[in-house]
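Survey of secondary and tertiary structure
The primary structure of each chain is shown beneath.
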Amino acid sequence: MKSRTIKVDNLARVEGEGALRIRIEKDKVADVKFVIFEPPRFFEALLRGRHYSEGPDITARICGICPIAYMMSAAHALEDALGIQVGGPLRALRRLIYCGEWIESHALHIYLLHAPDFLGYEDAIQMAKDHPAAVQRGLELKKIGNEIVTLLGGREIHPINPCVGGFYKTPSKKELRPLAERLKWGREAALETVRFAAQLPFPDFERDYEFVALRHPGEYPFNEGRLVSNKGLDIAVSEFDDHFAEEHAAHSTSLRAEHKGHGAYHVGPLARYNLNFDRLSALAQEAARAAAPAPQCRNPFQSIIVRSVETVWACDEALRIIEQYEPPDQPAVEIQPRAGTGHGCTEAPRGILYHRYTLDERGLIANAKIVPPTSQNQKIIEEDLRHFLPDRLHLPIDKLTWQCEQAIRNYDPCISCSCHFLRLHIDRE
Amino acid sequence: MPQAQKPKLAVWKFASCDGCQLSLLDCEDELLAVAGAMEIAHFLEASRAVVKGPYDLSLVEGSITTPHDAERIHKVRRASKFLLTIGACATAGGIQALRNFKDVKELAKIVYPTPEYIETLNKSTPIADHVFVDFELRGCPINKAQLVEALCAFLNGRKLHAPTYSVCLECKRRGNVCVMVAQGAPCLGPVTQTGCGAICPSYNRPCYGCFGPKETPNTASLSQWWGRHGMPEDQVVRQFRGFNAYAEAFRRESEAHEK
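Keep in mind the model is a prediction, meaning the values are calculated, not measured. (Residues numbered from 1 in each chain as written. Chains lettered and ligands numbered in written order. Predicted model: local features only at pLDDT ≥ 70, side-chain atom pairs only at ≥ 80, totals over all residues.)

Looking at the overall build of chain A
Where we set the bar: Here a strand is any run of E in DSSP of at least two residues, a helix any run of H or I of at least four, and the numbering for each starts at the N terminus. Note that the radius of gyration is over C-alpha atoms, with the globule rule given as 2.2 Å times the number of residues to the power 0.38. Buried residues are those with 20 or more other C-beta atoms within 10 Å of their own C-beta, exposed residues have 12 or fewer, and partly exposed residues lie in between; C-beta atoms are placed from the backbone.
A count of helices and strands for chain A gives 13 helices and 14 strands. At 21 Å, chain A has a C-alpha radius of gyration in line with the 22 Å of a compact globule built from 429 residues. For chain A, the proportion of its 429 residues judged to be buried stands at 59%.

As for the overall build of chain B
Along the backbone of chain B there are 12 helices and five strands. Taken over C-alpha atoms, the radius of gyration comes to 20 Å for chain B, in line with the 18 Å a tight globule of 259 residues would show. Here the C-alpha coordinates of chain B stretch approximately 70 × 50 × 25 Å along the principal axes. By residue count, 54% of the 259 residues in chain B fall in the buried class.

Some points on the domain arrangement of chain B
Residues and elements named next belong to chain B. For clarity, the cut-off: Boundaries between domains were set according to an automatic or database domain assignment. Here, residues touch in the contact sense if the C-beta positions derived from the backbone fall within 7 Å of one another. Here the term charged refers only to Asp, Glu, Lys and Arg, the term nonpolar to Ala, Val, Leu, Ile, Met, Phe, Trp, Tyr, Cys and Pro, and the term polar to all other amino acids, Gly among them.
Under the domain assignment used here, chain B contains domain 1 (8–155) and domain 2 (167–256). Put simply, the middle of domain 1 and the middle of domain 2, counted by C-alpha atoms, are 25 Å apart. Contact residues are listed per partner, giving 14 residues for domain 1 and 12 residues for domain 2. It is helix H4 (residues 88–92) that contributes the most residues to the side of domain 1 that touches domain 2, three residues altogether. Looking at the side of domain 1 that touches domain 2, its residues break down into six nonpolar, seven polar and one charged.

What to know about the interface of chain B and chain A
Taken together, the contacts link 48 residues of chain B with 47 residues of chain A. Sort the elements by how many residues they give to the side of chain B that touches chain A and helix H1 (residues 19–25) of chain B lands first, with five residues. In the side of chain B that touches chain A, the residues fall into 29 nonpolar, nine polar and 10 charged.

Observations regarding helix H3 (residues 67–82) of chain A
Side chains of residues three or four places apart in an α-helix project in the same direction, reflecting 3.6 residues per turn. Residues and elements named next belong to chain A. Applicable threshold: A helix is expected to span 1.5 Å for every residue after the first.
Here H3 is 16 residues long and its end C-alpha atoms lie 22 Å apart, about the 22 Å a rise of 1.5 Å per residue gives. Among the 16 residues in H3, 16 count as buried, and that is most of the element. After H3 finishes, the residue Gly83 shows a positive phi value of roughly 70 degrees.

Here we look at the sheet that holds strand S7 (residues 226–229) of chain A
All names here are of chain A. Put simply, the rule reads: The pairing criterion is simple: DSSP has to find at least two bridges between the two strands. A fitted line through C-alpha atoms serves as each axis, taken over the contacting stretch for helices, and the angle formed by two N-to-C directions is quoted from 0 to 180°.
Taken together, three strands build an open sheet; the order of strands is S6-S7-S8 and the sheet is antiparallel. Each of the sheet's edge strands pairs with one partner strand only, and the pair in question is strand S6 (212–215) and strand S8 (234–235). As paired elements, S6 and S7 share four bridges and run antiparallel to each other. Its bridge partner being in S7, Val212 is matched across the sheet by Ser229. Helix-sheet contacts for helix H9 (residues 269–276) involve S6 and S7, and the interaxial angle to S6 is about 50 degrees.

Looking at the sheet that holds strand S11 (residues 340–348) of chain A
Residue and element names in this part refer to chain A. Taken in spatial order, the three strands make up an open sheet running S11-S12-S13, and their pairing is antiparallel. With one partner strand each, in any of the chains shown, S11 and strand S13 (365–371) form the two edges of the open sheet. Strand after strand, the sheet turns through a mean of 15 degrees between neighbouring axes, direction not considered. Bridge count for S11 against strand S12 (residues 351–359) is nine bridges, and the pairing is antiparallel. In the strand pairing of S12, Thr341 is matched with Thr358.

A look at the confidence of the model for chain B
Put simply, the test is: pLDDT is defined as a per-residue confidence score from the predictor, taking values between 0 and 100.
Per-chain confidence: chain B averages 94 in pLDDT, with 99% of residues scoring 70 or above. With pTM at 0.95, the complex prediction returns an ipTM value of 0.96.

Quick word on the packing of helix H10 (residues 282–291) of chain A against helix H11 (residues 303–324) of chain A
The angle between the axes and the distance between the axes are what describe a pair of packed helices. Residues and elements named next belong to chain A. Stated precisely, the cut-off is as follows: The scheme is simple: roughly parallel for angles under 35 degrees, roughly antiparallel for over 145, roughly perpendicular for 65 to 115, oblique for anything else. Each crossing gets its hand from how the near helix is turned against the far one by less than a right angle, where anticlockwise is left-handed and clockwise is right-handed.
One way to put it is that H10 packs onto H11 with a least axis distance of 9 Å and a crossing angle of 160 degrees. Of the possible angle classes, the one that applies to H10 and H11 is roughly antiparallel. By crossing handedness, the relation of H10 to H11 is classed as right-handed. Residues Leu283, Ala284, Ala287, Ala288 and Ala291 of H10 lie in contact with H11, whose contacting residues are Ile305, Val309, Val312, Trp313 and Asp316. Class assignment of the residues belonging to the contact of H10 with H11 gives a composition of nine nonpolar, no polar and one charged.

Some words on unusual backbone geometry
The peptide bond linking Gly53 of chain B to Pro54 of chain B adopts the cis configuration, its omega dihedral lying at 0 degrees. Structurally, the position occupied by Pro54 of chain B is in the loop between strand S2 (39–42) and strand S3 (55–61). Going from Cys140 of chain B to Pro141 of chain B, the amide bond is cis rather than trans, its omega being 5 degrees. On the secondary structure map, Pro141 of chain B appears in the loop between strand S5 (135–137) and helix H6 (144–155). Phi at Lys26 of chain A takes a positive value of approximately 50 degrees, unusual for a residue other than glycine.

Quick word on the confidence of the model for chain A
Of the residues in chain A, 94% have a pLDDT of 70 or more, and the chain-wide mean is 91. Every residue in residues 418–426 of chain A scores below 50 in pLDDT, and together they form 76 contacts with partners more than four places removed in sequence or on other chains.

Focus: the environment of Gln376 of chain A
Residues and elements named next belong to chain A. Summarising the element assignment, Gln376 is placed in helix H12 (residues 373–388). Each C-alpha atom of the pair Gln376 and Glu246 lies 8.5 Å from the other, and the pair is 130 residues apart in sequence. Filtering out sequence-adjacent residues up to four positions away, Gln376 remains in contact with Ala257, Tyr265, Val267, Gly351, Ile352 and Val371.

A short note on helix H12 (residues 248–256) of chain B
Within H12 of chain B the residues assigned to the buried category are Ala249, Phe250, Arg251, Glu253 and Ser254 of chain B. The inward-facing, buried residues of H12 of chain B abut helix H10 (219–228) and helix H11 (233–240) of chain B.

What to know about the pairing of S3 of chain B
Residue and element names in this part refer to chain B. Within S3, six of the seven residues are buried, which leaves the element mostly enclosed by the surrounding structure. When S3 meets strand S4 (residues 80–86), the two strands line up parallel, connected through six bridges. Residue pairing in the sheet places Leu59 in a bridge with Leu84 of S4.

Some points on the packing of helix H4 (residues 88–119) of chain A against H11 of chain A
Residue and element names in this part refer to chain A. Contact geometry for H4 and H11: axes closest at 9 Å, N-to-C directions at 150 degrees. Here H4 is positioned roughly antiparallel relative to H11, judged by the angle of their axes. Here H4 runs over H11; the crossing is left-handed. On H11, the residues touching Ala92, Arg95, Leu96, Cys99, Trp102, Ile103, His106, Ala107, His109, Ile110, His114 and Ala115 of H4 are Ile304, Arg307, Ser308, Glu310, Thr311, Ala314, Cys315, Glu317, Ala318 and Ile321. For the contact of H4 with H11, the class distribution of residues is 13 nonpolar, five polar and four charged.

As for the environment of Lys379 of chain A
Residue and element names in this part refer to chain A. Turning to its location among the elements, Lys379 is positioned in helix H12. Separated by 138 residues in sequence, Lys379 and Asp241 have C-alpha atoms that sit 18 Å apart. Among all residues touching Lys379, those that are not within four sequence positions of it are Arg256, Glu258 and Ala264.

This is how it looks when you write it as structure tokens:
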């Protein structure tokens, strides 16, 4: 056997369209390409000439899985450009709706997209035949996340209520109360999820990543903080462009980011966990210590445990916000349009999402830049495969292909975001 | 008698955000029942298992924006007995149809450092511009209840149905105070098809038209009212250029206000 090709033309259980092509020559991995061929949609260009108030609604349409992340990054970047700050109960409500999106997105990925790989099922529907309680738990947990987003946002996909400055309408204390009961069940289900994830079979695979995430002085990060890494990075969000660059590979409709002078970096649940373990709630920390390497975890396959821990935290945080909530006087901060440039970076379920806007004096967008988490993880995914494959080349092709897919799904890649679906080609001749 | 085979369901994606197909996974209470009543034969967002066609029901999400997809949609149509388009991208071209009013080469230069790598069509077009569509569900995103109703109707051999009247009727039924009359807010409700639940006015904001034009919309009259409230022409254009910008009625109205 001299060389062969592993091909996956349409990667499943990811959001969007991508493919994988691996070429193996003389039993060595010669090339790995994680190909994104999602049709380009030109969002940054289409935003030019639009009013700042349309920013969150339009960018939400980049991704149906994490619209809140887009709305939050857009709102914070535009507020930075407009010179306003959103605090108090409005800030708390933004964290609450983000908790909803994390719970919904993590439950979807843990139970419907990722767990079937570990247990050897093609999908969660087949898995449900043998593990009905687990799949039901996942669906119910997902539903709770969606209920939070629906109550605060108007609907679960492309919510209509968040806006630059806050919200169009804020809930009463009474409206939030039923969520608390649901979240108490959710928190127990999330703890059960951590136990479920911990007993899955994990390959022995660790790498020395550069993790990049937001870090806030007192909180597990959502909307604010400095960008930090385990390799010495510590910058304001506004310095993002000085430290990170995007390149355009010929095989892709997505741009791939790298940390200038350092190369590939890792964003998402594992990065947040490694950089912010001390900011998790006591309950989430306790659950983590019993289930995964804590406070550091460098096995990307164990990201499924980390997502579960973050789900515990998100339920805890949502409950805390609801308990302390006092309705604000105004649903949104008042805004006077002005010219300026603003930056925003928030923690989407899949990792940091950076937006930058320049506005003219009428409040129209002159320039926009968006760097989604999956385009930041693209290089790391390829590097993981290069390291993961050599010990497994003896496997039959279908098994090897599936394991490669699983390694990609560790990152919950959202290809629609990075613009974009997955095909796996493993070339061996 | 042998048990009848379950109808085969396929879900297809073209240029989109994945949100409309996610609506199926968001049917947390109905998902396993749907999987019991139908064979999920092709649904890549949910499963790596792919069963060969033909398919009894195909849900198609997304718009046609590349030469490859313009070919692929014909293959999907040939493999499908009943084709249901889901969402504003599939029914009207989606937000990415804003390119249809511009030069796509210029857009590619703005976003990509090496625009030569990008293969794309000048226009983002709805599925019905390419193949026969049996039924469409509007919305950005679609309404889950409308999707479940469509699946039930299909499974029970009933005719698929979705109301085509305006958001205003639903908004009145919800007992909302009209945001346009009371606040002067530029609401697209009078010309937009119902189906969302009139959520925007229920949250104190004007409708932004994500279900596209209702049947026989009087867009010219609505723009006139906005004009009387002092809305500049360029804002009228933006109002109609949202998630259904390339739907006929909205397209014509926005073009009428462009200098």
